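Now for the letters of each chain:
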Amino acid sequence: MASSRKSNGKVLSESPVTDLFEAGRHPSESEKRWAEKTLAPTLEKNPEKPIGEPTGINLDEHGDARFTTISGLPIRRLYTQADLPEDWSYDSYLNYPGQPPYTRGIHASGYRGKMWTMRQFSGFASPEETNQRYKYLLAHGGQGLSVAFDLPTLMGYDSDHPFSEGEVGKCGVAIDSLEDMEILFDGIDLEKTTVSMTINSPASILWAMYLAVAEKQGADWKKISGTIQNDILKEYIAQKEYIYPPAPSMRLVIDTFEFGSKFTPRFNTISISGYHIREAGSTALQELAFTVYDGVEYVEWARRRGLDVDEFGPRLSFFFNAHNDFFEEIAKYRAARKIWYRLMKERFGAKNQRTWLMRFHTQTAGVSLTAQQPLNNIARVAIQALAGVLGGTQSLHTDSYDEALALPTEEAVRIALRSQQIIAYESGVAQTVDPLGGSYFVERFTLDMENGAFDYFNKLDAMGGMVAAIEKGYPQKEIAEASYQFQRATEAREKITVGANEFVVDEPSPNILYIGEEVAQAQTRKLNTLRARRSNDEVQRRLEALKKAAAQEPKAGANGQISPANTMPFIVEAVKAYATVGEICEALREVYGTYTETAFA
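What counts, and at which threshold
- Residues numbered from 1 in each chain as written.
- Predicted model: local features only at pLDDT ≥ 70, side-chain atom pairs only at ≥ 80, totals over all residues.
- Heavy atoms only, no water.
- Salt bridge = Lys/Arg side-chain N within 4 Å of Asp/Glu carboxyl O.
- Helix = DSSP H or I, 4+ residues; strand = E, 2+ residues; numbered from the N terminus.
- Polar contact = N/O pair within 3.5 Å; in protein donor to acceptor, adjacent residues only side chain to side chain.
- Contact = heavy atoms within 4.5 Å.
- Core = buried A, V, L, I, M, F, W, Y, C linked by side-chain atoms within 4.5 Å.
- Buried < 20%, exposed > 50% of the residue type's maximum accessible area, 1.4 Å probe, protein only.
- Arc of directions from axis to C-beta.
- Phe/Tyr/Trp six-rings, centres within 6.5 Å; stacked < 30°, edge-to-face > 60°.
- Lys NZ or Arg CZ within 6 Å of the ring centre and 35° of its normal.
- Pairing = 2+ DSSP bridges.
- Axes fitted to C-alpha atoms, helices over the stretch in contact; angles between N-to-C directions.
- Patch = residues over 30% accessible without salt bridge, like charges linked within 9 Å, V, L, I, M, F, W, Y side chains within 5 Å.
- Areas by Shrake-Rupley, 256 points an atom, 1.4 Å probe, with all protein chains shown as cover.
- Expected span 1.5 Å × (residues − 1).

Engineer: Got a minute to help me understand the pattern of salt bridges in this structure?
Structural biologist: Any two side chains of opposite charge can pair, on the condition that their charged atoms come close. In this structure the tally under the stated criterion is 44 salt bridges. Among the ionic pairs, Arg-488 bridges to Glu-494, the shortest N-O distance being 2.7 Å. Residues joined in a network through salt bridges with shared partners are Asp-19, Glu-22, Arg-25, Glu-31, Glu-48, Arg-76, Arg-77 and Asp-83.

Engineer: What exactly am I supposed to notice about the side chain of Asp-180 here?
Structural biologist: Mapped onto the secondary structure, Asp-180 falls in helix 6 (residues 178-184). At 3.0 Å, the side chain of Asp-180 forms a polar contact with the side chain of Lys-526. Setting aside its immediate chain neighbours within four residues, Asp-180 contacts Pro-127, Ala-174, Ile-175, Gln-523 and Lys-526.

Engineer: Sorry, what's going on with the nonpolar core here?
Structural biologist: Residues Phe-257, Tyr-298, Ile-339, Trp-340, Phe-457 and Met-466 are the most contacted members of the largest nonpolar core, which totals 64 residues. For this core, the element with the most residues is helix 11 (residues 284-305), which contributes 11 residues. Apart from residues lying up to four places away in sequence, Trp-340 is in contact with Val-292, Gly-295, Val-296, Val-299, Leu-316, Phe-318, Thr-355, Trp-356, Leu-357 and Met-358.

Engineer: In this structure, what is going on with helix 22 (residues 567-576)? I would like to understand it.
Structural biologist: For the α-helix, the turn length of 3.6 residues means that residues three or four positions removed from each other point alike. For helix 22, every residue scored as buried is listed here: Thr-567, Met-568, Ile-571, Val-572, Ala-574 and Val-575. End-on view of helix 22: buried residues confined to an arc of 165 degrees, all on one side of the axis. Among the structural elements, helix 6, helix 7 (203-217), helix 9 (246-263), helix 21 (536-550) and helix 23 (581-592) are those in contact with the buried residues of helix 22. Structurally, the start of helix 22 carries an N-cap: the backbone nitrogen of Met-568 is 2.9 Å from a side-chain oxygen of Asn-566. Phi turns positive, to about 70 degrees, at Tyr-578, one or two residues after helix 22.

Engineer: I tried to follow the environment of Leu-447 on my own but got confused; where do I start?
Structural biologist: Inspection of the secondary structure puts Leu-447 in helix 17 (residues 440-463). Leaving out residues up to four positions away in the same chain, Leu-447 has contacts with Pro-85, Trp-88, Tyr-93 and Lys-338.

Engineer: So what exactly am I meant to see when it comes to the packing of aromatic side chains here?
Structural biologist: To describe a pair of aromatic rings, one takes the distance between the centres and the angle between the planes. One pass over the full model with this rule turns up 33 aromatic pairs. Consider the rings of Tyr-333 and Phe-360, whose centres lie 5.3 Å apart with planes at 20 degrees: the pair is stacked. One end of the pair, Tyr-333, is in helix 13 (residues 326-347); the other, Phe-360, is in strand 8 (residues 360-364), and 27 residues separate them in sequence. Side by side, Tyr-333 and Phe-360 carry an identical accessibility label, which is buried. Members of the aromatic cluster, joined through ring pairs, are Tyr-134, Phe-185, Trp-207, Tyr-210, Trp-221, Phe-259, Phe-263 and Phe-267. One Lys or Arg, Arg-342, reaches over the ring of Phe-454 and ends 4.0 Å from the middle of that ring. The ring of Tyr-157 carries the charged tip of Arg-589 above its face, separated from the ring centre by 4.5 Å.

Engineer: What exactly am I supposed to notice about the environment of Pro-16 here?
Structural biologist: Within the fold, Pro-16 resides in helix 1 (residues 16-19). Between the alpha carbons of Pro-16 and Asp-189 there is a distance of 62 Å; along the sequence they are 173 residues apart. Setting aside its immediate chain neighbours within four residues, Pro-16 contacts Ala-35, Leu-39, Ala-40 and Leu-43.

Engineer: Even after reading the chapter, I still don't get the sheet that holds strand 9 (residues 395-397), so can you show me in this structure?
Structural biologist: Sheet strands associate in pairs through backbone hydrogen bonding, adopting either a parallel or an antiparallel arrangement. Ordered by their spatial adjacency, 9 strands build an open sheet running 5-4-3-2-1-9-8-7-6, and the pairing between neighbours is parallel. The sheet terminates laterally at strand 5 (267-268) and strand 6 (270-273), the two strands that pair on one side only. In this sheet, strand 8 lies alongside strand 7 (residues 316-322) in parallel orientation, the contact comprising 5 bridges. Note on strand 8: the bridge partner recorded for Phe-318 is Phe-360. Against the sheet, helix 7 touches strand 3 (194-198), strand 4 (226-228) and strand 5, its axis set at about 155 degrees to strand 3. Where helix 16 (residues 410-425) meets the sheet, it contacts strand 1 (117-122) and strand 9, and its direction lies at approximately 165 degrees from that of strand 1.

Engineer: Can you walk me through a nonpolar patch on the surface in this structure?
Structural biologist: Among the surface-exposed residues, Ile-51, Ile-496, Val-498 and Phe-503 lie close enough to one another that they form a single nonpolar patch of about 390 Å² accessible area. Relative to the helices and strands, Val-498 is located in the loop between helix 19 (474-491) and helix 20 (518-533). Under the relative-accessibility criterion, Val-498 is labelled partly exposed at 40%.

Engineer: Explain helix 7 to me, please; I cannot follow it from the model alone.
Structural biologist: With 15 residues, helix 7 ought to run about 21 Å at 1.5 Å a step, and its terminal C-alpha atoms sit 21 Å apart, in line with that. Those residues of helix 7 that fall on the buried side of the exposure criterion are Ala-203, Ser-204, Ile-205, Leu-206, Trp-207, Ala-208, Met-209, Tyr-210, Leu-211, Ala-212, Val-213 and Ala-214. Positive backbone phi, approximately 90 degrees, marks Gly-218, located one or two places after helix 7.

Spelled out as structure tokens, the structure:
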């Protein structure tokens, strides 16, 4: 056996050969010889050094260098066949792309038949200004639009509400009424352009406005495609932009499932979002587990309503983060497809193959962007985007390099889009399906992600589901602990952030996009004019009808019809009467009340 001493005389806590047998590994004779004859002499001459300060997370229990992912998961020195289960076979664990369990992707030809949709997230200031940005993105090769709304819209307030002061148009576009939505999509053919809208508590209202605009354009609802985020569970878990208590909020989501299955078969009525869970500080595994289990919760609530999973299931979509740890992210996406297939087939008995497919959008990690040396973010975003592509995403948004400072400038947005285009048309990675499939490291990591997620599922099932777990504070506490551990490691420089806690330089601030208060003033004038010219009596009648429906207990409709108490038709009628976002949300507040999170021990 190889020497167990380092060059400094310190006894190795475990020899390289002992290391081969960790976690039930069964190394081959050739791997043992490599460890003895090649590895051991190398370590004796050049002991491994951690990346970052040699403290805390970077040292194992014996004081030797430890290597971990950005989420803190340990990484072995080398992965071989011994890291896969003894029963591992291609057909059972991987199979071909387009076939269960979809580890290698949901499409048999990958990106050779259809490139991922390059969907840039954009929205700022007024509907007029954002409309011009959308046309700019489409003119430069963007293939889909993703709408960012400002904070008042996200929280269900009009721009002239006292709670909106100082926030109108700042983190997204201000949308108060159908009139604003008409302006937002003026000159953009909604039957030919896929649109994603990042809106949650008021999602059904903004979606109703979108459908009304499409109808005014002459578009067929059955042909329009896109996505509303509509994921209220992750708001309680991470982003905190909720209005109503969990149960009525879930009822509104299921209303959209039922309505969409009947009237908009190509439109995704939810984008179950891990993105914001990760932005709140979760690990990659927590993002995967909590996001997919949120999907389980939505399916459970829809089935309790009486809906058929094979009718609404194909319209469920997902939204994941792409963070800095390249292989961890790829493994996460591959595991997600396998898990969703198992859940849909085994837990819910879905028979429609389209219900088995996990379709997901990816956005690069906003939380990873640094205000220091912001041009470094271009490299970060490119690496993250490449992970999303190699993981098999269906659509992708790349962050702009200046977004740690402000909403992006046109130049920064163009560079972000060009990054996707370079990956698509120059790198060669789109020419073959799942090029990393069969990598010992990637396959082991994919299995660990899958198994770790099901461990979380067992805990959540025992708590009574995700709503019950949220009320107990379980996912919130898990994420808070993970966020703390990462921040501690960053401050100790055990995890390196180039340009922020290492390789730091003094530099002038870049030019950034500034949104002034004139946007709020213009929106207020527009609201005053709207309220003066519309039929306020008609608006009131529509709001009263909505409140009456919202107070009823909905059941699945019969004979191909939706429930008479489904709120969506009433919201559509209120929107067409030019009721505002704030007025419709206030009507629902009168029925459902509002939610305040309690403190958790």
